[in-house]
2 protein chains.
Amino acid sequence: MNVECIQKLRKGHFKITPKRRAILELFDKKDKCLSPEIIWTHLKKTFKQSGFPSVYRNLEIFVKQGILFRVERQGRKRYYALCHDHSGHHHHHIICVECGKADVFPECSFPDIKSVKGYKILNHSMQINGICKDCQ
Amino acid sequence: MNVECIQKLRKGHFKITPKRRAILELFDKKDKCLSPEIIWTHLKKTFKQSGFPSVYRNLEIFVKQGILFRVERQGRKRYYALCHDHSGHHHHHIICVECGKADVFPECSFPDIKSVKGYKILNHSMQINGICKDCQ
DNA sequence: TTCATAAATAGAAATAATTTCTATTTATAA
DNA sequence: TTATAAATAGAAATTATTTCTATTTATGAA
Ligand SMILES: [Mn+2]
Ligand SMILES: [Mn+2]
Ligand SMILES: [Zn+2]
Ligand SMILES: [Zn+2]
């Protein structure tokens, strides 16, 4: 777990636990989006004791702290991937629909407007779907 | 159910059934995104007999035919809203986070590129979240 | 280093959204 | 009018996610 992730957890008064380290190291190693189940299966190899609810809770904590983001994929499972950006700047991500590989998408062209059609704009979410070099 | 929706269903060889009419009329009337459960509750008033699985299946058929689109909201329920565009042109939507009202977002500024970082770009999805005039 | 404490955890159980299955009904084209 | 594929209801199954509680642990303060 790198120093930026530690800082992001400390900022929210979250503890640095072995399970949390292991989860983030798995993301580092796999370099793609992962489901809670995949993560839990992996944790069981190292820890023998490992609860599903902890995985869910930790994933949402990581999202809250800007370490992971949610990925939309086919099916009704959740997926998460490393944000890979510690600057805090607004950005989006591109996901490989085949293997789930995730990268930062380098620009956001969303117009700098405060409102449209009477709506006050709060935020926008975008996901770019593609096929990565390896899967092409 | 307007003529465009009928055409979109016919194009896929889907039948025009009373339940399908009623679902789309509910969307017309409510002018906001709806969950399967809300739709089913409404259908039961008119039809007495009404199955939950039919609602789910029809909602996905409507998405497939470009009549509805999926809305992301807090919680683990699905929501759908009327696409309100029969031109077939690419566009996005703005959703009121309070009441679920949905409108077409008039422009897409996504760059006209075919690839980025080695990924072949397939598509992108975007949702703009805001607060509508009535909810402000 | 020790200790007090809030935070994190495991495991079991509950929840609830969604899907599957099958017998029956119905919209549609011929 | 009729044959047929499509749609449906209702019950049951599935399964991802959440809740609950007793126990353990990371951390900051003494
Ligand atoms: Mn953006
Ligand atoms: Mn767009
Ligand atoms: Zn790939
Ligand atoms: Zn609103």
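It should be emphasised that the depicted structure is a prediction, and the values quoted were computed from it without experimental measurement.

**Student:** Looking at this structure, I do not really get the side chain of Gln65 of chain A. What am I missing?
**Tutor:** With respect to the secondary-structure elements, Gln65 of chain A resides in the loop between helix H4 (52–64) and strand E1 (68–71). A polar side-chain atom of Gln65 of chain A sits 2.6 Å from the main-chain carbonyl oxygen of Lys8 of chain A.

**Student:** Looking at this structure, I do not really get the packing of aromatic side chains. What am I missing?
**Tutor:** Given two aromatic rings, their pairing is described by the distance between the two centres and the angle made by the two planes. Overall, the coordinates contain 6 aromatic pairs over all chains when judged by the stated rule. Geometrically, the ring pair formed by Trp40 of chain A and Phe52 of chain A is stacked, given 4.6 Å between the ring centres and 10° between the ring planes. Linking Trp40 of chain A in helix H3 (residues 36–47) with Phe52 of chain A in helix H4, this pair joins segments that are 12 residues apart in sequence. Each residue in the set Trp40, Phe52 and Tyr56 of chain A is aromatic and connected to the rest through ring pairs, giving one cluster. In this structure, Lys44 of chain A packs its charged tip against the face of Trp40 of chain A, placed 3.8 Å from the ring centre. The cationic tip of Arg73 of chain B hangs over the ring face of Tyr79 of chain B; the distance from NZ or CZ to the ring centre is 5.2 Å.

**Student:** What's the story with the interface of chain A and chain B in this structure? I'm lost.
**Tutor:** Accessible area lost during the coming together of the parts is what is often quoted as the interface size. The interface is formed by 35 residues belonging to chain A together with 35 residues belonging to chain B. Summing both sides of the interface, chain A and chain B together bury roughly 2,800 Å²; the carbon and sulfur share of this comes to 63%. The largest contributions to the chain A side of the interface with chain B come from Lys117, Tyr119 and Asn129 of chain A, which together make up 21% of the buried area. For the interface between chain A and chain B, the tally reads 0 salt bridges. If you look at where chain A meets chain B, you find 19 residue pairs in polar contact (both at pLDDT 80 or more). Looking at the side of chain A that touches chain B, the elements that each hand over two or more residues are strand E3 (92–96), strand E4 (102–105) and strand E6 (119–131) of chain A. Examining the composition of the side of chain A that touches chain B, we find that 13 residues originate from one element, E6 of chain A, more than from any other. For the side of chain A that touches chain B, the class distribution of residues is 19 nonpolar, 9 polar and 7 charged.

**Student:** Just to check I follow, could you spell out the coordination of the manganese ion (ligand 1) for this structure?
**Tutor:** Geometry reference: four tetrahedral donors at a metal, ideal angle 109.5 degrees. Six octahedral donors, ideal angles 90 or 180 degrees. Residue and element names in this part refer to chain A. Summarising the metal site, the manganese ion (ligand 1) is bound by the protein donors His90 (NE2), His92 (NE2), Cys108 (SG) and His124 (NE2), whose distances to it range over 1.5 to 2.5 Å. When the donors of the manganese ion (ligand 1) are listed by position in the chain, the intervening gaps give H-x1-H-x15-C-x15-H. Note that His92 is positioned in strand E3 and His124 in strand E6, a separation of 32 residues in sequence. Of the residues examined, His124 reaches a relative accessible area of 14% and is grouped as buried.

**Student:** Sorry if this is basic, but what is going on with helix H2 (residues 18–30) of chain B here?
**Tutor:** Owing to its 3.6 residues per turn, the α-helix aligns residues three or four sequence positions apart on the same side. Residue and element names in this part refer to chain B. Compared with the 18 Å implied by 1.5 Å per residue over 13 residues, the 18 Å span of H2 between its first and last C-alpha is a close match. Turning to H2, its buried residues number three or more, namely Arg20, Ala22, Ile23, Leu24, Leu26 and Phe27. Against helix H1 (3–11), helix H3 (36–47), helix H4 (52–64), strand E1 (68–71) and strand E2 (79–82) lie the buried residues of H2. Directly beyond the C-terminal end of H2, a positive phi value near 60° is found at Asp31.

The rules behind these values
- Residues numbered from 1 in each chain as written.
- Chains lettered and ligands numbered in written order.
- Predicted model: local features only at pLDDT ≥ 70, side-chain atom pairs only at ≥ 80, totals over all residues.
- Heavy atoms only, no water.
- Helix = DSSP H or I, 4+ residues; strand = E, 2+ residues; numbered from the N terminus.
- Polar contact = N/O pair within 3.5 Å; in protein donor to acceptor, adjacent residues only side chain to side chain.
- Phe/Tyr/Trp six-rings, centres within 6.5 Å; stacked < 30°, edge-to-face > 60°.
- Lys NZ or Arg CZ within 6 Å of the ring centre and 35° of its normal.
- Contact = heavy atoms within 4.5 Å.
- Buried area = accessible area lost by both parts, 1.4 Å probe.
- Salt bridge = Lys/Arg side-chain N within 4 Å of Asp/Glu carboxyl O.
- Nonpolar A, V, L, I, M, F, W, Y, C, P; charged D, E, K, R; others polar.
- Donors = N, O, S within 2.8 Å, 3.2 Å for Na, K, Ca; no water.
- Buried < 20%, exposed > 50% of the residue type's maximum accessible area, 1.4 Å probe, protein only.
- Expected span 1.5 Å × (residues − 1).

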